[in-house]
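Coordinate inspection notes
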Protein chains: 4
Amino acid sequence: MQKKTLEASIKIPIRFNEVDSMGFVWHGNYAQYLEEARENFGKKYSLNYLEILSKGYYIPLVDLSIKYRKPIIYGMEIEVKAKYIFSDAAKIIFDYEIKNINGGELLTTARTVQVFLNKMYELEIVNPEFYTRWKEQFFV
Amino acid sequence: MQKKTLEASIKIPIRFNEVDSMGFVWHGNYAQYLEEARENFGKKYSLNYLEILSKGYYIPLVDLSIKYRKPIIYGMEIEVKAKYIFSDAAKIIFDYEIKNINGGELLTTARTVQVFLNKMYELEIVNPEFYTRWKEQFFV
Amino acid sequence: MQKKTLEASIKIPIRFNEVDSMGFVWHGNYAQYLEEARENFGKKYSLNYLEILSKGYYIPLVDLSIKYRKPIIYGMEIEVKAKYIFSDAAKIIFDYEIKNINGGELLTTARTVQVFLNKMYELEIVNPEFYTRWKEQFFV
Amino acid sequence: MQKKTLEASIKIPIRFNEVDSMGFVWHGNYAQYLEEARENFGKKYSLNYLEILSKGYYIPLVDLSIKYRKPIIYGMEIEVKAKYIFSDAAKIIFDYEIKNINGGELLTTARTVQVFLNKMYELEIVNPEFYTRWKEQFFV
């Protein structure tokens, strides 16, 4: 049961080489922005890639979905918000919103799902101990 | 009503810089493979990016979803199949399968949805004439 | 004869996906940072890609050289300076310095050379009129 | 003294997302092709990244220079040749040639220089033992 809302936002500048001839960001580049937002969340809430690696786990993505509502245009200032979605399962789920900072228009929504692999690359079906404790801090 | 199966497969070599420290392809790189498979389909069936642009339309992605089942590992030879999914709507929909050529194991499935924008970047809700004719060649 | 120093600096955040397993930025990613610094210069001094395109010219790189002195590490804040190097020839030459903002250590130096192609993709050996005028503003 | 010529060539397909609006490969993408050619050389002559890592060394690039003579165009089939340049120093130096397979035209030349870092990220000024032996196989 989700008691609190855990989320973190980051402003991401668009690189010139990320846009196509129309000045629109190529759809394949959005995965970078989501990762950046995820890492930003991880730093804020102590759930980032390197910390989890130090506990003995990899956290590969198993699911990625992106809805491109409005194009991201070169020169725009965008903000990417990652919101943690609670689950009892041994998964890390985030929803994302990309907004145009100037005006606040919603440009993109997305979701990612990550799982835990141990150092032998085996899927952990049960929540790792450290992750259970992490969840308990925020969700009872 | 889908009468025929339209699909095209392409073998894609993995680049060294596309893998992470574990030798796994970074999830954000898959969008390139799907695009490559889409263009390969487009050449086979005369529905590629440049031909559509010459008709006066852009075809941006509005939806991307990827299920990462097994990692793609450096050294693997992969084949990416794009299968056209018929729709009455003014959309171009593809399903994808990425397989390990050596053994045939299914590694990834994905779907993309594209729409038509005219040269003023307005969404075309009705099927462009040329696209209707293209569909009629294969689906009655 | 160089009378003035024309240069522009920009702070560029490092993306998580740009670093390798050691946390170092992959060498192939630096070209993005240089391009970003070049565009930043172009905005400041009215010599950016889109303005030049509107005059009827492409400006492809013909030469790129990078000296990697110290690694760029994830978490660093870097500043990239593009300095215009005057030449009588129909070329656009920049020298670059990448510095660690925190402490000012020089991490990288680089140079790029661009030439002018007309709309038929032919090399312009003589300075385009607009570029001669642009140079005259700063260098007599 | 260079007695033998050590070189390896690899055919590299151009990805659709690597080209700009003119259909030319973006200059920043060439670093990938060179790396691919280097790894291909490394497999042929047992000097690839992972083998060297297993000996306890990183081999970061310290120098990259590229001369773009003719554009690489989408649809071209290119071949990238890496040629090992002998040096007494503790360096790995390669020269590259990128050619259009259809006709053999030389499109690009390049050079990279790599050095050895030990596991504490310290520069090795003296040739690592394994590298001295590797060189002795080919150059007396």
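Every value quoted in this text rests on a predicted model; they were computed, and no experiment measured them. (Residues numbered from 1 in each chain as written. Chains lettered and ligands numbered in written order. Predicted model: local features only at pLDDT ≥ 70, side-chain atom pairs only at ≥ 80, totals over all residues. Heavy atoms only, no water.)

**Focus: the overall build of chain A**
Across its full length, chain A carries three helices and five strands. Secondary structure elements in chain A, listed N-terminal to C-terminal, are β-α-α-β-β-β-β-α. Principal-axis analysis of the C-alpha atoms places the extent of chain A at approximately 50 × 35 × 20 Å. For chain A, buried positions account for 55% of its 140 residues. Summarising the internal contacts of chain A: among those between residues at least 6 apart in sequence, 68% fall at separations of at least 24. Approximately 6600 Å² of chain A is accessible, and the part contributed by carbon and sulfur atoms is 51%. (Helix = DSSP H or I, 4+ residues; strand = E, 2+ residues; numbered from the N terminus. Buried < 20%, exposed > 50% of the residue type's maximum accessible area, 1.4 Å probe, protein only. Contact = heavy atoms within 4.5 Å. Areas by Shrake-Rupley, 256 points an atom, 1.4 Å probe, with all protein chains shown as cover.)

**Observations regarding the relation of the copies chain A and chain C**
For the pair of chain copies, the relating operation is a rotation around an axis with a shift along it. In the superposition of chain A on chain C (RMSD 0.0 Å, axial shift 0.0 Å), the rotation amounts to 180°. The superposition operator between the copies reduces to a two-fold rotation axis. Relative to the rotation axis, the closest C-alpha in chain A is found at Pro-13 of chain A, a distance of 4.1 Å. Taken together, the interface assignments show that 100% of the residues at the interface of chain A recur at the interface of chain C, consistent with an identical surface on both copies. (Least-squares fit on C-alpha atoms with pLDDT ≥ 70 in both.)

**Focus on the side chain of Arg-15 of chain A**
The topology assignment puts Arg-15 of chain A in the loop between β1 (7–13) and α1 (30–45). What makes Arg-15 of chain A buried here is its relative accessible area of 3%. A polar side-chain atom of Arg-15 of chain A sits 2.5 Å from a polar atom in the side chain of Glu-18 of chain C. What Arg-15 of chain A contacts, discounting residues up to four positions off in sequence, is Tyr-74 of chain A together with Ile-12, Pro-13, Arg-15, Glu-18, Gln-32, Tyr-33 and Glu-36 of chain C. (Polar contact = N/O pair within 3.5 Å; in protein donor to acceptor, adjacent residues only side chain to side chain.)

**Comments concerning the pattern of salt bridges**
Residue and element names in this part refer to chain B. Counted under the stated rule, the structure contains 40 salt bridges over all chains. Across the salt bridge formed by Arg-38 and Glu-35, the nearest N and O atoms sit 3.7 Å from each other. Here Arg-38 pairs with Glu-35, and both are found in helix α1 (residues 30–45), just three residues apart, close to one helical turn. By relative accessible area, Arg-38 is classed as buried at 8%. Classification of Glu-35 as buried rests on a relative accessible area of 7%. (Salt bridge = Lys/Arg side-chain N within 4 Å of Asp/Glu carboxyl O.)

**Brief notes about the packing of aromatic side chains**
Residue and element names in this part refer to chain D. This model, assessed by the stated rule, comprises 92 aromatic pairs over all chains. Between Tyr-84 and Phe-139, the aromatic rings sit 5.7 Å apart at their centres with planes inclined by 25°, giving stacked as the arrangement. One end of the pair, Tyr-84, is in strand β3 (residues 77–85); the other, Phe-139, is in the segment after α3 (129–138), and 55 residues separate them in sequence. Residue class for Tyr-84 comes out buried when judged on its relative accessible area of 0%. A centroid spacing of 6.1 Å and a plane angle of 15° characterise the contact between Tyr-131 and Trp-134, whose relative ring orientation is stacked. One end of the pair is Tyr-131 and the other is Trp-134, both in helix α3 and three residues apart, which spans about a single turn. (Phe/Tyr/Trp six-rings, centres within 6.5 Å; stacked < 30°, edge-to-face > 60°.)

**Re the relation of the copies chain A and chain B**
Structural alignment of chain A on chain B gives an RMSD of 0.0 Å, achieved by rotating through 180° and translating 0.0 Å along the axis. The overlap is high: 100% of the interface residues of chain A also sit at the interface in chain B, so the same surface is used on both sides.

**A word on the sheet that holds strand β2 (residues 61–68) of chain A**
The strand order β1(A)-β3(A)-β4(A)-β5(A)-β2(A)-β2(B)-β5(B)-β4(B)-β3(B)-β1(B) describes an open sheet built from ten strands, whose pairing is antiparallel. Each of the sheet's edge strands pairs with one partner strand only, and the pair in question is β1 of chain A together with β1 (7–13) of chain B. Direction aside, the axes of adjacent strands within the sheet are offset by 15° on average. Relative to strand β5 (residues 106–115) of chain B, strand β4 (residues 91–100) of chain B runs antiparallel, the two being bridged by nine bridges. Bridging from a neighbouring strand, Ile-92 of chain B pairs with Gln-114 of chain B of β5 of chain B. Packing of α1 of chain B onto the sheet brings it into contact with β1, β2 (61–68), β3 (77–85), β4 and β5 of chain B, and relative to β1 of chain B it is tilted by some 135°. (Pairing = 2+ DSSP bridges. Axes fitted to C-alpha atoms, helices over the stretch in contact; angles between N-to-C directions.)

**Structural notes on the sheet that holds strand β2 (residues 61–68) of chain D**
Judged by pairing direction, the sheet is antiparallel, and its ten strands sit side by side in the order β1(C)-β3(C)-β4(C)-β5(C)-β2(C)-β2(D)-β5(D)-β4(D)-β3(D)-β1(D) without closing on themselves. A strand with exactly one partner marks an edge of an open sheet, and here the two such strands are β1 (7–13) of chain C together with β1 (7–13) of chain D. Adjacent strand axes in the sheet meet at a mean angle of 15°, parallel and antiparallel pairs treated alike. Relative to strand β4 (residues 91–100) of chain C, strand β3 (residues 77–85) of chain C runs antiparallel, the two sharing eight bridges. Paired with Val-80 of chain C across the bridge in β4 of chain C is Ile-98 of chain C. Together, β1, β2 (61–68), β3, β4 and β5 (106–115) of chain C form the strand contacts of helix α1 (residues 30–45) of chain C, whose direction differs from that of β1 of chain C by roughly 135°. Where helix α1 (residues 30–45) of chain D meets the sheet, it contacts β1, β2, β3, β4 (91–100) and β5 (106–115) of chain D, and its direction lies at approximately 135° from that of β1 of chain D.

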